[in-house]
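A look at the structure
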Amino acid sequence: MEQGQISLTIDGKECVAKEGQSIVQAARENGLFIPTLCDFRSLSPAGTCRVCTVKVGGRFVPGCTSPAVNGMVVENETAELTDLRRALVEMLIVEGNHMCPSCEKSGNCELQELAHHYRIVVPRYPFLFPVQKVEARMAHLFIEHKRCIQCLRCVRGVRAKDGHEIFGFMRRGSDVRITVDVTDPEAVSEATAKKAMEICPVGALIQKRVGFRVPIGQRRFDRKHEKDGKQL
Ligand code: SF4
Ligand code: SF4
Ligand code: FES
(Lines give C-alpha, C1' and ligand atoms only; values in the text may rest on other atoms or scores of the structure.)
(Ligands and ions follow the chains in the order given, each with its own letter.)
Protein backbone atom coordinates (compact mmCIF):
# COMPACT_ATOMS: atom_id res chain seq x y z
CA MET A 1 0.00 0.00 0.00
CA GLU A 2 1.26 3.48 -0.86
CA GLN A 3 1.78 6.20 1.71
CA GLY A 4 -1.45 8.03 2.50
CA GLN A 5 -3.53 4.95 1.74
CA ILE A 6 -5.56 2.83 4.14
CA SER A 7 -7.31 -0.50 3.80
CA LEU A 8 -10.77 -1.39 5.00
CA THR A 9 -13.37 -4.09 4.36
CA ILE A 10 -16.79 -3.29 2.95
CA ASP A 11 -19.22 -6.21 2.74
CA GLY A 12 -16.27 -8.57 2.91
CA LYS A 13 -14.40 -6.89 0.05
CA GLU A 14 -10.89 -5.62 0.77
CA CYS A 15 -10.82 -1.96 -0.23
CA VAL A 16 -8.00 0.54 -0.51
CA ALA A 17 -8.82 4.20 0.11
CA LYS A 18 -7.05 7.47 0.69
CA GLU A 19 -6.58 8.77 4.21
CA GLY A 20 -9.25 11.35 4.96
CA GLN A 21 -11.86 9.89 2.62
CA SER A 22 -15.33 9.18 3.95
CA ILE A 23 -16.76 5.64 3.90
CA VAL A 24 -18.97 6.69 0.96
CA GLN A 25 -15.97 7.98 -1.02
CA ALA A 26 -13.97 4.87 -0.20
CA ALA A 27 -16.83 2.65 -1.37
CA ARG A 28 -17.22 4.58 -4.64
CA GLU A 29 -13.53 4.40 -5.35
CA ASN A 30 -13.75 0.62 -5.00
CA GLY A 31 -16.78 0.24 -7.23
CA LEU A 32 -19.28 -0.27 -4.41
CA PHE A 33 -22.61 1.54 -4.12
CA ILE A 34 -23.77 3.34 -0.98
CA PRO A 35 -26.88 5.45 -1.65
CA THR A 36 -26.67 9.21 -0.96
CA LEU A 37 -28.95 12.22 -1.29
CA CYS A 38 -27.51 15.13 0.66
CA ASP A 39 -23.90 14.29 -0.24
CA PHE A 40 -22.70 16.12 -3.35
CA ARG A 41 -19.31 16.00 -5.03
CA SER A 42 -16.83 18.38 -3.39
CA LEU A 43 -19.27 19.96 -0.90
CA SER A 44 -18.50 19.30 2.74
CA PRO A 45 -20.99 16.66 3.95
CA ALA A 46 -24.09 17.74 5.86
CA GLY A 47 -25.34 14.34 7.05
CA THR A 48 -29.01 15.30 6.81
CA CYS A 49 -30.69 12.46 4.87
CA ARG A 50 -29.16 9.34 6.45
CA VAL A 51 -29.75 7.13 3.40
CA CYS A 52 -26.00 6.44 3.40
CA THR A 53 -26.26 4.72 6.79
CA VAL A 54 -23.88 1.77 7.17
CA LYS A 55 -22.94 -0.37 10.15
CA VAL A 56 -19.49 -0.29 11.74
CA GLY A 57 -18.75 -2.35 14.84
CA GLY A 58 -22.47 -3.07 15.23
CA ARG A 59 -23.40 0.64 15.24
CA PHE A 60 -25.26 2.65 12.62
CA VAL A 61 -23.17 5.52 11.23
CA PRO A 62 -23.67 7.88 8.30
CA GLY A 63 -21.25 6.86 5.55
CA CYS A 64 -20.81 10.39 4.16
CA THR A 65 -19.68 12.02 7.39
CA SER A 66 -17.74 9.09 8.87
CA PRO A 67 -14.10 8.83 7.84
CA ALA A 68 -12.80 5.55 6.46
CA VAL A 69 -10.24 4.22 8.94
CA ASN A 70 -7.51 1.63 8.47
CA GLY A 71 -8.77 -1.84 9.42
CA MET A 72 -12.41 -0.78 9.53
CA VAL A 73 -15.07 -3.40 8.80
CA VAL A 74 -18.18 -1.91 7.18
CA GLU A 75 -21.55 -3.55 6.58
CA ASN A 76 -23.40 -2.01 3.64
CA GLU A 77 -25.63 -4.26 1.51
CA THR A 78 -27.44 -6.17 4.27
CA ALA A 79 -31.18 -6.86 4.51
CA GLU A 80 -31.35 -4.66 7.62
CA LEU A 81 -29.66 -1.66 5.98
CA THR A 82 -31.65 -2.07 2.77
CA ASP A 83 -34.89 -1.95 4.77
CA LEU A 84 -33.70 1.08 6.75
CA ARG A 85 -32.72 2.98 3.60
CA ARG A 86 -35.96 2.03 1.87
CA ALA A 87 -37.89 3.30 4.91
CA LEU A 88 -36.01 6.63 4.79
CA VAL A 89 -36.76 7.06 1.08
CA GLU A 90 -40.42 6.19 1.72
CA MET A 91 -40.57 8.81 4.48
CA LEU A 92 -39.18 11.49 2.17
CA ILE A 93 -41.73 10.55 -0.46
CA VAL A 94 -44.78 10.68 1.83
CA GLU A 95 -43.65 13.89 3.53
CA GLY A 96 -43.76 15.80 0.24
CA ASN A 97 -45.99 15.83 -2.80
CA HIS A 98 -44.08 13.76 -5.30
CA MET A 99 -46.18 13.42 -8.45
CA CYS A 100 -43.38 12.37 -10.78
CA PRO A 101 -45.27 12.49 -14.11
CA SER A 102 -45.85 16.22 -13.64
CA CYS A 103 -42.36 17.03 -12.34
CA GLU A 104 -39.72 18.61 -14.56
CA LYS A 105 -37.00 16.72 -12.66
CA SER A 106 -38.40 13.30 -13.51
CA GLY A 107 -35.60 11.18 -14.99
CA ASN A 108 -32.97 13.45 -13.42
CA CYS A 109 -34.18 13.08 -9.83
CA GLU A 110 -32.04 11.29 -7.25
CA LEU A 111 -34.99 10.58 -4.94
CA GLN A 112 -36.98 9.04 -7.78
CA GLU A 113 -33.92 7.00 -8.73
CA LEU A 114 -33.57 5.65 -5.19
CA ALA A 115 -37.29 4.82 -5.15
CA HIS A 116 -36.69 2.79 -8.33
CA HIS A 117 -33.58 1.23 -6.84
CA TYR A 118 -35.49 0.07 -3.75
CA ARG A 119 -38.51 -0.98 -5.86
CA ILE A 120 -40.85 1.28 -3.90
CA VAL A 121 -44.36 0.98 -5.25
CA VAL A 122 -46.53 1.79 -2.24
CA PRO A 123 -44.77 3.37 0.78
CA ARG A 124 -45.45 1.78 4.16
CA TYR A 125 -46.34 5.20 5.64
CA PRO A 126 -49.46 7.26 4.91
CA PHE A 127 -49.08 10.15 2.46
CA LEU A 128 -49.21 13.51 4.24
CA PHE A 129 -50.05 15.61 1.14
CA PRO A 130 -48.79 18.85 2.67
CA VAL A 131 -50.31 22.03 1.27
CA GLN A 132 -47.42 24.23 0.19
CA LYS A 133 -47.30 27.12 -2.20
CA VAL A 134 -45.06 27.29 -5.25
CA GLU A 135 -42.82 30.34 -5.02
CA ALA A 136 -42.71 31.97 -8.45
CA ARG A 137 -41.75 35.59 -7.73
CA MET A 138 -38.15 35.25 -8.95
CA ALA A 139 -37.40 35.93 -12.60
CA HIS A 140 -35.60 32.66 -13.35
CA LEU A 141 -36.44 30.19 -10.59
CA PHE A 142 -39.45 28.37 -9.14
CA ILE A 143 -39.24 26.97 -5.63
CA GLU A 144 -41.46 23.92 -5.24
CA HIS A 145 -41.46 23.64 -1.45
CA LYS A 146 -43.55 20.47 -1.57
CA ARG A 147 -40.60 18.57 -3.07
CA CYS A 148 -37.75 19.89 -0.89
CA ILE A 149 -36.04 17.17 1.13
CA GLN A 150 -33.98 19.67 3.16
CA CYS A 151 -30.66 18.27 2.07
CA LEU A 152 -28.94 21.71 2.23
CA ARG A 153 -27.14 21.14 -1.06
CA CYS A 154 -28.37 24.50 -2.39
CA VAL A 155 -27.33 26.27 0.83
CA ARG A 156 -23.84 24.76 0.73
CA GLY A 157 -23.23 24.80 -3.01
CA VAL A 158 -24.85 27.89 -4.54
CA ARG A 159 -22.94 31.01 -3.61
CA ALA A 160 -22.62 34.54 -4.88
CA LYS A 161 -19.35 35.77 -6.42
CA ASP A 162 -18.19 37.11 -3.04
CA GLY A 163 -18.80 33.68 -1.47
CA HIS A 164 -21.91 34.48 0.54
CA GLU A 165 -24.75 31.95 0.63
CA ILE A 166 -27.76 32.66 -1.57
CA PHE A 167 -30.12 30.03 -0.14
CA GLY A 168 -30.98 29.63 3.51
CA PHE A 169 -33.62 28.08 5.76
CA MET A 170 -36.41 29.83 7.63
CA ARG A 171 -38.79 28.55 10.33
CA ARG A 172 -38.19 25.41 12.38
CA GLY A 173 -39.15 21.74 12.79
CA SER A 174 -41.64 20.36 10.29
CA ASP A 175 -42.36 23.92 9.10
CA VAL A 176 -38.78 24.53 7.93
CA ARG A 177 -38.48 25.86 4.37
CA ILE A 178 -35.87 27.03 1.94
CA THR A 179 -35.65 30.74 1.24
CA VAL A 180 -33.74 33.19 -0.97
CA ASP A 181 -32.78 36.78 -0.39
CA VAL A 182 -34.56 38.26 -3.41
CA THR A 183 -33.04 41.70 -2.79
CA ASP A 184 -29.72 40.24 -4.00
CA PRO A 185 -29.60 40.50 -7.82
CA GLU A 186 -27.45 37.34 -8.06
CA ALA A 187 -30.13 35.34 -6.31
CA VAL A 188 -32.41 35.73 -9.29
CA SER A 189 -29.85 35.53 -12.10
CA GLU A 190 -30.27 32.92 -14.84
CA ALA A 191 -26.86 31.40 -14.02
CA THR A 192 -27.78 30.98 -10.36
CA ALA A 193 -31.09 29.35 -11.26
CA LYS A 194 -29.31 26.90 -13.59
CA LYS A 195 -26.78 25.97 -10.93
CA ALA A 196 -29.47 25.64 -8.26
CA MET A 197 -31.50 23.27 -10.43
CA GLU A 198 -28.40 21.16 -11.13
CA ILE A 199 -27.37 20.95 -7.49
CA CYS A 200 -30.85 20.16 -6.10
CA PRO A 201 -31.27 16.36 -6.04
CA VAL A 202 -35.04 16.64 -6.52
CA GLY A 203 -37.47 18.94 -8.29
CA ALA A 204 -37.62 21.64 -5.62
CA LEU A 205 -35.55 24.21 -7.52
CA ILE A 206 -36.68 24.54 -11.11
CA GLN A 207 -35.22 26.96 -13.61
CA LYS A 208 -37.92 28.76 -15.54
CA ARG A 209 -38.36 28.37 -19.31
CA VAL A 210 -36.30 25.17 -19.65
CA GLY A 211 -39.10 22.61 -19.22
CA PHE A 212 -38.84 19.47 -21.33
CA ARG A 213 -35.78 20.70 -23.23
CA VAL A 214 -34.50 17.16 -22.68
CA PRO A 215 -37.42 14.83 -23.42
CA ILE A 216 -38.61 12.27 -20.88
CA GLY A 217 -36.90 8.99 -21.70
CA GLN A 218 -33.58 10.63 -22.59
CA ARG A 219 -32.63 11.98 -19.19
CA ARG A 220 -29.76 10.95 -16.91
CA PHE A 221 -31.40 8.03 -15.10
CA ASP A 222 -33.57 7.05 -18.09
CA ARG A 223 -30.38 6.45 -20.06
CA LYS A 224 -28.81 4.56 -17.13
CA HIS A 225 -31.81 2.21 -16.95
CA GLU A 226 -31.73 1.73 -20.71
CA LYS A 227 -28.04 0.78 -20.48
CA ASP A 228 -28.67 -1.52 -17.52
CA GLY A 229 -31.64 -3.07 -19.35
CA LYS A 230 -33.88 -2.37 -16.34
CA GLN A 231 -37.61 -1.83 -16.58
CA LEU A 232 -38.85 1.50 -15.21
S1 SF4 B 1 -38.87 15.55 -7.07
FE2 SF4 B 1 -38.34 13.54 -7.88
S3 SF4 B 1 -39.60 12.13 -6.69
FE4 SF4 B 1 -40.44 14.19 -6.45
S5 SF4 B 1 -41.99 14.40 -8.03
FE6 SF4 B 1 -40.10 15.19 -8.89
S7 SF4 B 1 -39.24 13.42 -9.97
FE8 SF4 B 1 -40.74 12.61 -8.56
S1 SF4 C 1 -34.23 23.08 -2.37
FE2 SF4 C 1 -33.28 21.22 -3.19
S3 SF4 C 1 -31.11 21.45 -2.72
FE4 SF4 C 1 -32.20 22.91 -1.46
S5 SF4 C 1 -32.54 21.88 0.48
FE6 SF4 C 1 -34.36 21.56 -0.77
S7 SF4 C 1 -34.00 19.63 -1.81
FE8 SF4 C 1 -32.02 20.30 -1.03
S1 FES D 1 -25.75 11.14 2.07
FE2 FES D 1 -25.03 10.76 4.05
S3 FES D 1 -26.51 11.64 5.35
FE4 FES D 1 -27.16 12.14 3.33
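1. Here's the deal with the overall build of the protein chain
When helices and strands are tallied, the protein chain shows 6 helices and 10 strands. Oriented by its inertia axes, the alpha-carbon framework of the protein chain measures out at about 55 × 45 × 35 Å. In the protein chain, which comprises 232 residues, the share counted as buried stands at 32%. Taking all contacts inside the protein chain whose residues are at least 6 apart in sequence as the whole, residues at least 24 apart take part in 61%.

2. Details of the site of ligand 2
Every one of the 13 residues lining ligand 2 counts as a neighbour, but Cys-148, Cys-151, Cys-154, Cys-200 and Ala-204 are closest to it. Residue classes in the shell around ligand 2 are distributed as 11 nonpolar, 1 polar and 1 charged.

3. Structural notes on the sheet that holds strand 7 (residues 141-144)
Here 3 strands make up an open sheet; going across it, the order is 6-7-10 and the pairing antiparallel. Each having just a single partner strand, strand 6 (134-135) and strand 10 (205-207) make up the two edges of the open sheet. Both strand 7 and strand 10 contribute to a ladder of 3 bridges, which runs antiparallel. Pairing of Leu-141 across the sheet is with Gln-207, part of strand 10. Seen against the sheet, helix 5 (residues 190-199) touches strand 7 and strand 10 and runs at an angle of roughly 135° to strand 10.

4. Quick notes on the pairing of strand 9 (residues 177-180)
Side chains Ile-178 and Val-180 of strand 9 all project onto a buried face; the interleaved residues Arg-177 and Thr-179 project onto a face where none is buried. Where strand 8 (residues 167-170) lies against strand 9, 4 bridges are found, and the strand directions are antiparallel. By the bridge assignment for strand 9, Met-170 is matched with Arg-177.

5. As for the pairing of strand 1 (residues 5-10)
Two elements, strand 1 and strand 2 (residues 13-18), share 6 bridges in a ladder whose sense is antiparallel. Bridge pairing in strand 2 places Ile-10 opposite Lys-13. A loop of 2 residues connects strand 1 with strand 2, the two strands running antiparallel in sequence, and Asp-11 in this loop sits at a positive phi of about 50°. Where strand 1 lies against strand 5 (residues 73-75), 2 bridges are found, and the strand directions are parallel. Pairing of Thr-9 across the sheet is with Val-73, part of strand 5.

6. Focus: the packing of helix 2 (residues 79-95) against helix 3 (residues 110-117)
The interhelical angle for the contact between helix 2 and helix 3, taken along N-to-C directions, is 130°, at an axis separation of 10 Å. Considered as vectors, helix 2 and helix 3 are oriented oblique to each other. Judged by the sense of rotation from one axis to the other, the crossing of helix 2 with helix 3 is left-handed. The segment helix 2 lies against helix 3, with Val-89, Leu-92 and Ile-93 engaging Leu-111, Leu-114 and Ala-115. Its residues assigned to classes, the contact of helix 2 with helix 3 shows 6 nonpolar, no polar and no charged.

Criteria and cut-off values
Residues numbered from 1 in each chain as written. Chains lettered and ligands numbered in written order. Predicted model: local features only at pLDDT ≥ 70, side-chain atom pairs only at ≥ 80, totals over all residues. Helix = DSSP H or I, 4+ residues; strand = E, 2+ residues; numbered from the N terminus. Buried ≥ 20, exposed ≤ 12 C-beta atoms within 10 Å, placed from the backbone. Contact = placed C-beta atoms within 7 Å. Near = placed C-beta within 6 Å. Nonpolar A, V, L, I, M, F, W, Y, C, P; charged D, E, K, R; others polar. Pairing = 2+ DSSP bridges. Axes fitted to C-alpha atoms, helices over the stretch in contact; angles between N-to-C directions. Parallel < 35°, antiparallel > 145°, perpendicular 65-115°, else oblique. Left-handed = near helix turned anticlockwise from the far one by under 90°.

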